[in-house]
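Secondary and tertiary structure notes
Letter by letter, the chains look like this.
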Amino acid sequence: MSDTRRRVKVYTLNEERQWEDRGTGHVCCSEAASLTVTGEADGSVLLESRISPDTAYQKQQDTLIVWSEAENCDLALSFQEKAGCDEIWEKICQVQGKDPSVEITQDPVDESEEERFEDTPESGHLLELPPCEPERLEELAELVTSVLPSPVRREKLALALLSSGYIRKLLQLFRASEEADDRRGLQQLYQIVRGLLFLNKATLFEVMFSDDCIMDVVGCLEYEPALLQPKSHREFLTKTARFREVIPITDSELRQKIHQTYRVQYIQDIILPTQSVFEDNFLSTLSSFIFFNKVEIVSMLQEDEKFLTEVFAQLTDEATEDSKRRELVNFFKEFCAFSQTLQPQNRDAFFKTLANLGILPALEIGMEDVQVKAAATDIFSYLVEFSPSMVREFVMQEPQQCADVCWCVQDVLLINVVIKQMICDSDPELGGAVQLMGLLRTLIDPENMLAPASKTEKSEFLSFFYKYCMHVLTAPLLANTAEEDPDNFQTAQLLALILELLTFCVEHHSYHIKSYIMTRDLLRRVLTLMNSRHSFLALCALRFMRRIIGLKDEYYNRYIVKGNLFEPVINALLDNGTRYNLLNSAIIELFEFIRVEDIKSLIAHIVDNFTTALESIEYVQTFKGLKGRYEQEKERQSRGFSRSDLWTISDFFFFFFGLSVYIQFRHCWYLISVFT
């Protein structure tokens, strides 16, 4: 059995200042003073790092060791057990000749700062803190502000605060000042506590964010001097943002970790200013604190099989009350959103757990409720991102499960619920409809059907989609093209999104979309939008036709010619007049493509039917070029057989003459053979 004490995850900090999971393995410290992590899956070396005497190693949250090896190379080891972290930390300190009781082995400073402070008498000692008394708060606030530019002094101040238990004394003073309504003292405490957060020290965070301290820290941050009245952050966290357990969480450590993470996230996102105002790495340790907390929460929930099993049991029980079902589905929605902060490996493990427990069938229950439907749609989108193939396999099984009530199959399909949710989005520009359109595109994209059975999967799923779902997707388009133009701007945005997806289908679904367009005369309906007052919608309609013509498919060409479908395009060009805009350029490009590619059937149709209307357009040579192509083809046809054609006939004559002689020769040879 492997030693779990030394089981670690290796993390590196990327350019976006986010921790990336490099893998899980076991760490050892060699005699050559090197840290080596061997992957538990394949035995590969995940990390090999020499313990340098000058490198500043930092121990955080009992199970983390963080350090930097180069200017842009930050590393972290996250231990499964505290004992393993302590063991490796002792070996690092032994190599560097440090006391293992310290939380950081070196002062992370540059040479200029070392030179500046090396002659200072007190530089080798802790900073002296003023007594924690109301009349000394201003002095303390100035001290905290003064050390922020210097990494050395920030470290010394942090050590001084920890060694004397100063933070808890400070928070006791806050409670006393609040009871006495000492507004000046409270505003000074705001500056002090805010400055302590910007010291960017994990050891301070562990004290400040502990259960008995964090609400007082939030309280200090309510008294910003620039405000006439203090904020109400504590009231929000204790009354408005109440923590509701859909299923009782018996693990007290997990519950405490969830509370802590939410409150620290609130401090970072709501209370503190935007990080861009400060230096790039300010509050990076706070971000790391939140990140590793989230990793731990997801891991603890995944490992608690009893909890998840009970949640799914209630979610799939049709007797569950509507209000309870809303809470359960919203729990999973928040859980899925929460998982997006994790690295791919952790996120995949999380969704695999949900899939194994049956999340997709569970989402089908209670779809009549608007809130449940909206939350289930969000969860569905996360699952599509995780495994499109798994979702495709599930949705294709739904009609079979509903065979006994086939009249309602198309209404209850999960994918159709998602499409309708997209259609009902009140404002596509806000992103909801765009996001859902993106997940539909992922589902029907042949590029991600690359498994060994991809051809079968592609054929079966596309047949399913066009049979059960496509009419739901195109319903708003057909409903809003029966008359002239959709007046509503939001409707126009929705139609533009649908046309974008249909254009994608034309490019990637040759057979299925072709049949759908021709049997429903879809292009004619789309081209009514060329008259739309919304120019972006007219361009979407034109782009749909352009993609069809770009295929150079004679079936499509005959369909366009037979339906006289160039008429709305040419009318739009003429109505646009002499305005040089995007619509004008796009239409000209369409006809130029037809000319360059010499699509004869379309050229003949355009010249035969629209020459008079187009002859006045002389600012481009496109239409003259089309007429020239047309006349060349007419001239070629009128000449009849060319010299090359005659030679071809002559060749045929000699071929058949020679074949006749050959046959007679073979026949004579046969007779000679018989008689001899």
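As annotated in an unreviewed UniProt entry, the chain carries the name Serine/threonine-protein phosphatase 4 regulatory subunit 3 and comes from Cyprinus carpio carpio. Within the UniProt record for the chain, the comment given under Function (unreviewed entry) is "Regulatory subunit of serine/threonine-protein phosphatase 4." Note on the chain: under the UniProt heading Sequence similarities (unreviewed entry), the record states "Belongs to the SMEK family."

Pairing of side chains with opposite charge becomes possible as their charged atoms draw close. Under the definition given, this model contains 26 salt bridges. When the shortest N-O distance is used, the salt bridge between D378 and K333 registers 3.4 Å. Pair noted here: D378 is in helix 16 (residues 370–386) and K333 is in helix 13 (residues 322–339), with a separation of 45 residues, a long-range link. Salt-bridge contacts for E592 lead to R595; the nearest nitrogen and oxygen are separated by 2.5 Å. Taken together, the positions of E592 and R595, both in helix 29 (residues 582–597) and 3 residues apart, correspond to about one turn of that helix. A single salt-bridge network, built from bridges that share partners, covers R6, E87 and K91.

End to end, helix 10 (residues 252–271) covers 27 Å across 20 residues, agreeing with the expected 28 Å (1.5 Å per residue, within 8%). Taken together, the buried positions of helix 10 are occupied by L254, K257, I258, Q260, T261, R263, V264, Q265, Y266, I267, Q268 and I271. Looking at the buried residues of helix 10, the elements they touch are helix 6 (183–197), helix 8 (214–220), helix 9 (233–240) and helix 11 (284–303).

We now examine the packing of helix 12 (residues 305–316) against helix 13. In the contact formed by helix 12 and helix 13, the axes pass within 9 Å of each other and the chain directions differ by 135°. Compared by their axis directions, helix 12 and helix 13 come out oblique. In the crossing of helix 12 with helix 13, the sense of the turn from one axis to the other is left-handed. Here F307, L308, V311, F312, Q314 and L315 of helix 12 come into contact with helix 13, specifically with K324, R325, L328, V329, F331, F332 and F335. For the contact of helix 12 with helix 13, a count of residues per class yields 10 nonpolar, 1 polar and 2 charged.

This brings us to the packing of helix 23 (residues 489–508) against helix 26 (residues 535–550). Running from amino to carboxyl end, helix 23 crosses helix 26 at an angle of 10°, the nearest separation of the two axes being 9 Å. In terms of orientation, helix 23 lies roughly parallel with respect to helix 26. Only F536, L537, C540, A541, R543, F544, R547 and I548 of helix 26 make contact with helix 23, whose side of the interface consists of F489, A492, Q493, L495, A496, L499, L502, T503, V506 and E507. In the contact of helix 23 with helix 26, the residues fall into 13 nonpolar, 2 polar and 3 charged.

Before going further, it helps to spend a moment on the packing of aromatic side chains. For the structure on display, the rule yields 24 aromatic pairs. Ring geometry for F465 versus Y466: centroids 5.9 Å apart, planes at 80°, classification edge-to-face. Taking 5.7 Å as the distance between ring centres and 75° as the angle between the ring planes, the aromatic pair formed by F489 and F536 counts as edge-to-face. Taken together, the residues span a long stretch of sequence, with F489 in helix 23 and F536 in helix 26 at a distance of 47 residues. Classification of F489 as partly exposed rests on a relative accessible area of 41%. Put simply, the rings of F307, F312, F331, F332, F335, F350, F351 and F386 pair up and form one aromatic cluster.

Here the focus is the pairing of strand 7 (residues 73–79). Across the 7 residues that make up strand 7, a large majority, 6, are buried. In this structure, strand 1 (residues 7–13) lies alongside strand 7, joined through 5 bridges in antiparallel fashion. Among the inter-strand pairings, V8 is bridged to a residue of strand 7, identified as F79.

This paragraph deals with the side chain of N584. When you line up the elements, N584 lands in helix 29. A polar atom in the side chain of N584 sits 2.8 Å from the side chain of Y619.

Let us now look at unusual backbone geometry. Here the phi dihedral of K552 falls at roughly 55°; this positive angle occurs in a residue that is not glycine. Structurally, K552 is set in the loop between helix 26 and helix 27 (554–562). Backbone geometry at N564 places phi at a positive 50°, although glycine is not the residue there. Within the secondary structure layout, N564 lies in the loop between helix 27 and helix 28 (567–576). The partly exposed category is assigned to N564, whose relative accessible area is 25%.

This next bit is on the state of the cysteines. One pass over the full model with this rule turns up 0 disulfides. With no disulfide of its own, C28 lies closest to C29 among cysteine sulfurs, the gap being 7.6 Å.

Count 3.6 residues to each turn of an α-helix, and residues three or four apart come out pointing the same way. Here helix 4 (residues 151–163) contains 13 residues, and its C-alpha end-to-end distance of 18 Å stays within 8% of the 18 Å for a straight helix at 1.5 Å per residue. Every buried residue belonging to helix 4 is among P151, V152, R154, E155, K156, L157, A158, A160 and L161, and all of these are buried. Trailing helix 4 by a residue or two, G165 shows a phi angle of about 65°, which is positive.

For the rest of this paragraph, the subject is the environment of R558. Tracing the chain through its elements places R558 in helix 27. Given the relative accessible area of 47%, R558 is considered partly exposed.

Now for the pairing of strand 3 (residues 34–39). Counting buried positions along strand 3 yields 5 of 6 residues, so the element is predominantly enclosed. The sheet contact formed by strand 2 (residues 19–29) and strand 3 spans 5 bridges and is antiparallel. Bridge pairing links V27 to V37 in strand 3. Here strand 2 folds back onto strand 3 in antiparallel fashion, the turn holding 4 residues, of which A33 has a positive phi close to 60°. As paired strands, strand 3 and strand 4 (residues 45–50) are joined by 5 bridges and run antiparallel to one another. Following the sheet pairing, S34 is matched in strand 4 by R50. From the end of strand 3 to the start of strand 4, which pair antiparallel, there are 5 residues, and G43 there has a positive phi angle of about 80°.

About the criteria used
Residues numbered from 1 in each chain as written. Predicted model: local features only at pLDDT ≥ 70, side-chain atom pairs only at ≥ 80, totals over all residues. Heavy atoms only, no water. UniProt positions renumbered as here; feature names shortened; annotations may be inferred. Salt bridge = Lys/Arg side-chain N within 4 Å of Asp/Glu carboxyl O. Helix = DSSP H or I, 4+ residues; strand = E, 2+ residues; numbered from the N terminus. Expected span 1.5 Å × (residues − 1). Buried < 20%, exposed > 50% of the residue type's maximum accessible area, 1.4 Å probe, protein only. Contact = heavy atoms within 4.5 Å. Axes fitted to C-alpha atoms, helices over the stretch in contact; angles between N-to-C directions. Parallel < 35°, antiparallel > 145°, perpendicular 65-115°, else oblique. Left-handed = near helix turned anticlockwise from the far one by under 90°. Nonpolar A, V, L, I, M, F, W, Y, C, P; charged D, E, K, R; others polar. Phe/Tyr/Trp six-rings, centres within 6.5 Å; stacked < 30°, edge-to-face > 60°. Pairing = 2+ DSSP bridges. Polar contact = N/O pair within 3.5 Å; in protein donor to acceptor, adjacent residues only side chain to side chain. Disulfide = S-S within 2.5 Å.

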